[in-house]
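# Descriptive structure summary
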Amino acid sequence: MPDVQALVNDFLNKLKKRKIEGSQATSRQTAELLRSVISQQRVPYNNQAGALIDAVKAVGEQLIAANPVELAVGNIVRRVLHIIREEDLSLTTAAMAGLNLSAVSDDEDDEERDDLPVLSAAVVAAAARSTLRPPSLQTLLEDMPDTAAIPHTSSSGGDSEGKSKSADKSSRSRKLKHDVIEAVNELIQDITTCHEQIAEQAVEHIHQNEVILTLGSSRTVLEFLCAAKEKKRSFRVFVAEGAPRYQGHLLAKELVARGLQTTLITDSAVFAMISRVNMVIVGAHAVMANGGVIAPVGLNMVALAAQKHAVPFVVLAGSHKLCPLYPHNPEVLLNELRSPSELLDFGEFSDCLDFRSVTGSPLLHVVNPTFDYVPPKLVSLFITDTGGHNPSYMYRLIADYYSADDLVVKRRTTSGN
Amino acid sequence: MEARRGWRAVPKVRQVGFFTPNEPPPPARTQSGPPDSNSPPLSNSPAGNSLSPVMIPPPRHLSDNLAHRATSPLPVPETSAFRRPIPGGDRVAVVGSYNPTDSMLGASPPLTSPSSRIGDGEFSEESSPGWFRRSNSAKFASSFPGGGFDLTSIKSSETLEVEVKKPVEVPEKSGVAGAELQTESQSSSKPLKAKTTKAERRALQESQRAAKAAAKGEATGKPAISSEGAATSKPVKQQPSRKKDALPAATSVAASDRKGVDRPPEKERKKEVPPPRMQFDDKNRVEKAKKRAVVNQTEARNRVELFRHLPQYERGSQLPDLESKFFLLDPMHPAVYKVGLQYLAGDISGGNARCIAMLQAFQEVIKDYSTPPEKSLTRDLTAKVGSYVSFLIECRPLSMSMGNAIRFLKNRIAKLPLSLSESEAKESLCSDINRFINEKIVLADKVIVRHAASKVRDGDVLLTYGSSCVVEMILLYAHELGKQFRVVIVDSRPKLEGQALLRRLVAKGLNCTYTHINAVSYIMHEVTRVFLGASSVLSNGTVYSRVGTACVAMVAHAFRVPVLICCEAYKFHERVQLDSICSNELGDPDAIAKASGRMDVNYVDNLANKENLQLLNLMYDATPLEYISMIVTDYGMIPPTSVPVIVREYRREHLWI
């Protein structure tokens, strides 16, 4: 499948050259790429899921390596893996249940022998869930309809199967691929519509005459604020410009175009202004499992100022930004230094660039990081497409989207590489 | 009294300069000669008690306050205090009054032991040739403030001779005035306090009249004054200070004397409460101010609601307009005009530079000044300076340090001795200004640099924000001392002052890292000290400085990195402030829209006139004191909570040097 390989390479190049801006675009494109990988993947007769998983992992590994800082890529790869597992699981359980039903009706001696796989499938399912989802009321409630639904779906979907008793394996494999692609499509849909889902909650959080501060530009924040504006809330927004990228200017321009009262301030004025601000609403680059946020540079400062003045610090994040990893030294390891030319004009400072110390190392260094790490204790609230959550709850939320196997496997493959 | 002082746990700072535990007032009294002068304090004590509800003395000075307060309208204790130094006691007084300075200097570790102090002095001789040349001349080589003042102490011995002829006339006057005032003070104390300004004005007139009278004949003038009763209390009380003014060089001695002798009366303390600022949302006052204005300012249109009370004008229009008027405006002195234009254009920035430029312009003004006929120099010059100041305010709002300098100058003018001829007065004012610049800015900076450099260790990573000239001097000095350290320069839009600093430091061979304010939490991991400049330090410990300083200090605090504010004491102000909104300065909003050197960033350029987009260019912010570990000032290194102490105790010195 040369065309897929070409697609993958193309995307890899884009990632490496940092051509893709924003985690939303990245995750959408990753999901689309993985979808085509899956659809092109030839599935063997048995263990189709394993083949799919391997294929996705192989591609995913390259993608993650291409831009390890863009956590959204890894998130999407893991989610696709999770989807494959879940679909496979549900198909297996459905088939088992169907088999079981037919077995019960047809011959009794098979019962003993068939019970084993059913049990094992249930055990596998339980294990897969329980690793990340220890039994809680929610999982119990979620699982109940699941198990209840299985006979039902099997009776509808597996009706012909059970009736014909031929158990057409090829159709089952096609069904798995089909289901997975369906689910990935849903995921892509989720990613593209996460703005609207988050923005829907805006009126619940923004009241009349509120003063909101934000830094840099985030499409989610833009949609969120505009949604509140459309609901006839009038409020004003302070936008810190987010030097040296000046994304705040873009955001301010958009907000003004949509008729919001906007004030553009420098980043240094954040502390001065925050005492008159009711709420800080910002976007994120990624949300870690501990509730920490990888955010555009400068937000740690804003979060500290907000904490000092007891201003709620609200982070908007689509579910594709939820990363199942725990950060270690994220300021350095999950950061990226951009070109110094954004800070210093090389032409202007060409004379200074030549100065050397005694040892010959240059005297002038320029640091221009892209991201900041905001520790969970500084975040008041996360608003995701599934609602508002505390930072301390993020690990549970993340467990819904990823299977524990993938975290471990990912690490093993990357370390083995 | 001695015992009381001994009991108090006096903070170190508080001792500096003025309170000299080993300077005994009793000898002053015994030396004062006239035996009748001993009796008034004693007989006055009931009167003093009756006064106390009006002027509540701080408890610690109770004993001496009662005596001095009660007699403060009387010249007697003053004269006695003044005469005390004559028998060679002046040198003792100087040494005594500066002892605490030494001890405070000793508080900084490297200067603690005498031997190290000497060694330090020698060391600086070698390393920085320009600095310590004069310290050779006197025994004060060890401690800087002493070195700064040693000239004065030497001079004082000779200049004090001038005083000798004064006490001859004062005692006899005091005999009359004392008796009168004793009776009058009870009745007059309240009205005096109620309408201070009126009494002041009257006092001024009185003193002028007295001057005229003095010109005719001294003997006839004196009774005229002493018979005036309540109003006289002012000029009589001023006399000692006037005498001191006659000897500007001796003032450090005189100031310390006076400090010990008379506490500021209540009414003066009231006067020193800073006047409310102009609020620009007050339509009436703005209209009035506009009529007087020289600079034609058009109000910026699209303003931030929160900052209506601050002036913001359209940029760019005034400068050419003013430049064209340069030769037409005769009421404005060209030097002041030039400085104003420089402020407006932003050619001069930085608290010290602006203050020095202003003071030098005023020096020019004073040199070219001649009193118009039928006017007194004091009043006319004060009015003139006032009008110049309001012109400068139109160009750019004054910084608090400049306000302090203006207050100093006006005070000097007001306190000019009437006996001086015009040329002498001008001479004295010019030298006062010079001394202010020298002592309060230049020397203070050097002291700060030495203090702060002691806090730099090998291997340190020092972070600074923006461009502060004191911090720059500290870094260069520490580098000269051979300390190995790295500098992180944090900068922010729109001024990007750090770039100039970066260029200068790198050219001097310092290892620099440059970054912008957003990345401050990224870089703070490696930083070991934060050195920040300040525009002003307010008496609640708030540091009022370039916008962004608060952010840097906050992040440093969060990362447990000590924050050192380097600020000359003349920038301390008794104003208090909790936020950065109530009082601030607005810069050019268009500077926000454009990113300098970045052609690709022009998103909001064409939107500047949109109704619902405002651009806010704040110039300053207020750093709360909990983020500040230490303030390095010319009086030593103090915690931010001690700022009000400095402000309170040194205010009189600020004003009257």
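Computed from a predicted structure; not experimentally measured.

### A look at the overall build of chain B
Helix and strand counts for chain B come out as 28 helices and 12 strands. Considering chain B as a whole, with its 657 residues, one finds that 57% of them fall into the buried category. For chain B, the accessible area works out to roughly 27200 Å², and carbon and sulfur atoms hold 57% of it.

### Things to note about the interface of chain B and chain A
Of the residues lining the interface, 60 residues belong to chain B; the matching set on chain A comes to 56 residues. The junction of chain B with chain A conceals about 4900 Å² of combined surface from both sides, 64% of it contributed by carbon and sulfur atoms. At the boundary of chain B with chain A, the tally comes to 3 salt bridges. For Lys 308 of chain A, the salt bridge goes to Glu 626 of chain B, with nearest N and O atoms at 2.2 Å. At the junction of chain B and chain A, the tally comes to 24 residue pairs in polar contact (both at pLDDT 80 or more). Counting residues per element, the ones that place at least two in the side of chain B that touches chain A are helix H24 (497–507), strand S3 (511–516), helix H25 (520–523), helix H26 (549–558), helix H27 (590–593), strand S9 (613–616) and strand S10 (620–623) of chain B. Broken down by element, the residue count for the side of chain B that touches chain A peaks at 6 residues, all from S3 of chain B. Classifying every residue of the side of chain B that touches chain A gives 38 nonpolar, 14 polar and 8 charged. Bridge count for strand S8 (residues 364–366) of chain A against S3 of chain B is 3 bridges, and the pairing is parallel.

### Side note on the nonpolar core
Nonpolar side chains in soluble globular proteins tend to end up buried together. Judged by nonpolar contacts, the single largest core of 90 residues is most densely connected at Val 280 and Phe 313 of chain A together with Leu 463, Met 524 and Val 530 of chain B. Once you skip the residues sitting within four places of it in the chain, Met 524 of chain B turns out to touch Leu 463, Val 530, Val 552, Val 555, Ala 556, Phe 559 and Val 561 of chain B. One finds Met 332, Phe 362, Val 385 and Ile 413 of chain B within the second-largest nonpolar core, a separate group that totals 41 residues.

### A look at the sheet that holds strand S6 (residues 543–546) of chain B
Residue and element names in this part refer to chain B. Read from one edge of the open sheet, 4 strands run S8-S5-S6-S10, paired in mixed fashion. If you trace the sheet from one side to the other, it starts and ends with strand S8 (572–573) and S10, each paired once. Two elements, S6 and S10, share 4 bridges in a ladder whose sense is antiparallel. Bridge pairing links Tyr 544 to Ala 622 in S10. Each of S6 and S10 touches H26; the most contacted strand, S10, lies at about 30° to it.

### So, the packing of aromatic side chains
Geometrically, a pair of aromatic rings is defined through the distance of the ring centres and the angle of the planes. Evaluation of the coordinates by the stated rule reveals 6 aromatic pairs over all chains. Aromatic side chains Phe 271 of chain A and Tyr 627 of chain B sit 6.0 Å apart centroid to centroid with 70° between the ring planes, which places their arrangement in the edge-to-face category. With one member in each of two chains, Phe 271 of chain A in helix H12 (residues 270–274) and Tyr 627 of chain B in the loop between S10 and strand S11 (630–633) form a pair that bridges those chains. Look at Tyr 627 of chain B and you get buried, because its relative accessible area is 6%.

### Comments concerning helix H21 (residues 400–414) of chain B
Residues and elements named next belong to chain B. When the terminal C-alpha atoms of H21 are compared, their 21 Å separation across 15 residues agrees well with the 21 Å that a helix rising 1.5 Å per residue should span. Along H21, 11 of the 15 residues are buried, which leaves the element largely enclosed by surrounding structure. Turning to H21, its buried residues are Met 400, Ser 401, Met 402, Asn 404, Ala 405, Ile 406, Phe 408, Leu 409, Asn 411, Arg 412 and Ile 413.

### A look at the pattern of salt bridges
One pass over the structure, following the stated rule, counts 19 salt bridges over all chains. Between Glu 336 of chain A and Arg 18 of chain A there is a salt bridge, and its shortest N-O distance comes to 2.3 Å. Highlighted residues: Glu 336 of chain A in the loop between helix H14 (330–333) and helix H15 (350–353) and Arg 18 of chain A in the loop between helix H1 (2–16) and helix H2 (23–40), separated in sequence by 318 residues. Via salt bridges that share partners, Arg 412, Asp 432, Arg 435 and Glu 439 of chain B belong to a single interconnected network.

### Some points on the environment of Lys 17 of chain A
Looking at where Lys 17 of chain A falls in the secondary structure, it is placed in the loop between H1 and H2. A sequence separation of 268 residues divides Lys 17 of chain A from His 285 of chain A, and the C-alpha atoms of the two residues are 18 Å apart.

### A word on the sheet that holds strand S1 (residues 211–215) of chain A
Strand order in the open sheet made by the 8 strands is S11(A)-S10(A)-S7(A)-S4(A)-S1(A)-S2(A)-S3(A)-S9(B), with mixed pairing throughout. Looking at which strands have only one partner, the edges of the open sheet turn out to be strand S11 (387–389) of chain A together with S9 of chain B. Taking each pair of neighbouring strands and ignoring which way they run, the sheet shows an average axis angle of 25°. By the bridge criterion, 5 bridges tie S1 of chain A to strand S2 (residues 236–240) of chain A in an arrangement that is parallel.

### What to know about the packing of helix H10 (residues 219–230) of chain A against helix H11 (residues 247–257) of chain A
For any two helices packed against each other, the geometry is given by the interaxial angle and the distance between the axes. All names here are of chain A. Interhelical geometry of H10 versus H11 gives an angle of 25° and a closest axis separation of 11 Å. On the basis of their axis angle, the class for H10 and H11 is roughly parallel. Read as a crossing pair, H10 and H11 show a hand that is right-handed. Where H10 abuts H11, its residues Leu 222, Leu 225 and Cys 226 lie against Leu 251, Glu 254 and Leu 255. For the contact of H10 with H11, a count of residues per class yields 5 nonpolar, no polar and 1 charged.

### Section: the packing of helix H19 (residues 351–367) of chain B against helix H20 (residues 377–395) of chain B
Residue and element names in this part refer to chain B. Running from N to C, H19 and H20 cross one another at 140°; their axes reach a closest spacing of 12 Å. Considering their axes alone, H19 and H20 lie oblique with respect to each other. Of the two elements, H19 crosses H20, and the hand of that crossing is right-handed. Two secondary-structure elements touch here, H19 through Met 358, Phe 362, Val 365 and Ile 366 and H20 through Leu 381, Val 385, Tyr 388, Val 389 and Leu 392. The class makeup of the residues in the contact of H19 with H20 is 9 nonpolar, no polar and no charged.

### A short note on the side chain of Asp 491 of chain B
Residues and elements named next belong to chain B. Counting through the fold element by element, Asp 491 comes out in strand S2 (residues 485–491). Despite its burial, Asp 491 remains without a salt bridge, the nearest opposite charge being carried by Arg 546 at 8.1 Å. A polar contact is formed between the side chain of Asp 491 and the side chain of Tyr 514, at a distance of 2.8 Å. Those residues in contact with Asp 491, other than ones at most four positions away along the chain, are Tyr 465, Leu 496, Glu 497, Gly 498, Gln 499, Tyr 514, Thr 515, His 516 and Ile 517.

### With respect to the confidence of the model for chain B
Parts of the model with low pLDDT should not have their predicted coordinates read in detail. Residues and elements named next belong to chain B. Counting all residues, the mean pLDDT for chain B is 68, and 51% of those residues have values of 70 or more. For residues 1–6, every residue scores under 50 in pLDDT, and the model assigns this stretch 11 contacts once sequence neighbours within four places are set aside. Below pLDDT 50 for its whole length, residues 8–196 participates in 242 contacts with residues either more than four positions away or in separate chains. The complex prediction reports pTM at 0.70, with the ipTM value standing at 0.82.

### A word on the pairing of strand S7 (residues 313–316) of chain A
All names here are of chain A. Alternating residues of S7 divide into Phe 313 and Val 315 and Val 314 and Leu 316, and every residue in both groups is buried. Sheet topology note: the strand S4 (residues 279–283)/S7 ladder contains 4 bridges and is parallel. Pairing of Ile 281 across the sheet is with Val 314, part of S7. As defined by bridge partners, S7 adjoins strand S10 (residues 381–384) across 3 bridges and the pair is classed as parallel.

### Details of the side chain of Gln 201 of chain A
Residue and element names in this part refer to chain A. Among the structural elements, Gln 201 can be located in the loop between helix H8 (169–199) and helix H9 (202–205). When its relative accessible area of 10% is taken as the criterion, Gln 201 is described as buried. Within the local environment of Gln 201, its side chain forms a polar contact with the backbone oxygen of Gln 197, the two atoms lying 3.3 Å apart. Not counting chain neighbours up to four residues away, the residues in contact with Gln 201 comprise Phe 224, Ile 383, Thr 384, Asp 385, Gly 387 and Gly 388.

### Here's the deal with the environment of Gln 279 of chain B
All names here are of chain B. Looking at the secondary structure, you find Gln 279 in the loop between helix H15 (266–271) and helix H16 (283–292). With relative accessibility at 32%, the residue Gln 279 sits in the partly exposed group. As a C-alpha pair, Gln 279 and Leu 310 span 31 residues in sequence and 6.6 Å in three-dimensional space. Those residues in contact with Gln 279, other than ones at most four positions away along the chain, are Val 286 and His 309.

### Things to note about unusual backbone geometry
In this structure, Pro 244 of chain A follows Ala 243 of chain A across a cis peptide bond, with omega equal to 0°. Residue position: Pro 244 of chain A is located in the loop between S2 and H11. For the bond from Arg 493 of chain B to Pro 494 of chain B, the omega torsion is -5°, close enough to zero to count as cis. Note that Pro 494 of chain B resides in the loop between S2 and H24. You will see that Asn 329 of chain A, though not glycine, has its phi angle at about 50°, which is positive. Mapping Asn 329 of chain A onto the fold places it in the loop between S7 and H14. On the accessibility criterion, Asn 329 of chain A (36% relative accessible area) is partly exposed. Of note in this structure, Arg 560 of chain B is not a glycine but carries a positive phi near 60°. Within the secondary structure, Arg 560 of chain B is located in the loop between H26 and strand S7 (563–566).

Parameters and conventions
- Residues numbered from 1 in each chain as written.
- Chains lettered and ligands numbered in written order.
- Predicted model: local features only at pLDDT ≥ 70, side-chain atom pairs only at ≥ 80, totals over all residues.
- Heavy atoms only, no water.
- Helix = DSSP H or I, 4+ residues; strand = E, 2+ residues; numbered from the N terminus.
- Buried < 20%, exposed > 50% of the residue type's maximum accessible area, 1.4 Å probe, protein only.
- Areas by Shrake-Rupley, 256 points an atom, 1.4 Å probe, with all protein chains shown as cover.
- Contact = heavy atoms within 4.5 Å.
- Buried area = accessible area lost by both parts, 1.4 Å probe.
- Salt bridge = Lys/Arg side-chain N within 4 Å of Asp/Glu carboxyl O.
- Polar contact = N/O pair within 3.5 Å; in protein donor to acceptor, adjacent residues only side chain to side chain.
- Nonpolar A, V, L, I, M, F, W, Y, C, P; charged D, E, K, R; others polar.
- Pairing = 2+ DSSP bridges.
- Core = buried A, V, L, I, M, F, W, Y, C linked by side-chain atoms within 4.5 Å.
- Axes fitted to C-alpha atoms, helices over the stretch in contact; angles between N-to-C directions.
- Phe/Tyr/Trp six-rings, centres within 6.5 Å; stacked < 30°, edge-to-face > 60°.
- Expected span 1.5 Å × (residues − 1).
- Parallel < 35°, antiparallel > 145°, perpendicular 65-115°, else oblique.
- Left-handed = near helix turned anticlockwise from the far one by under 90°.
- Lys, Arg positive; Asp, Glu negative; His and termini not counted.
- pLDDT = per-residue confidence, 0-100.

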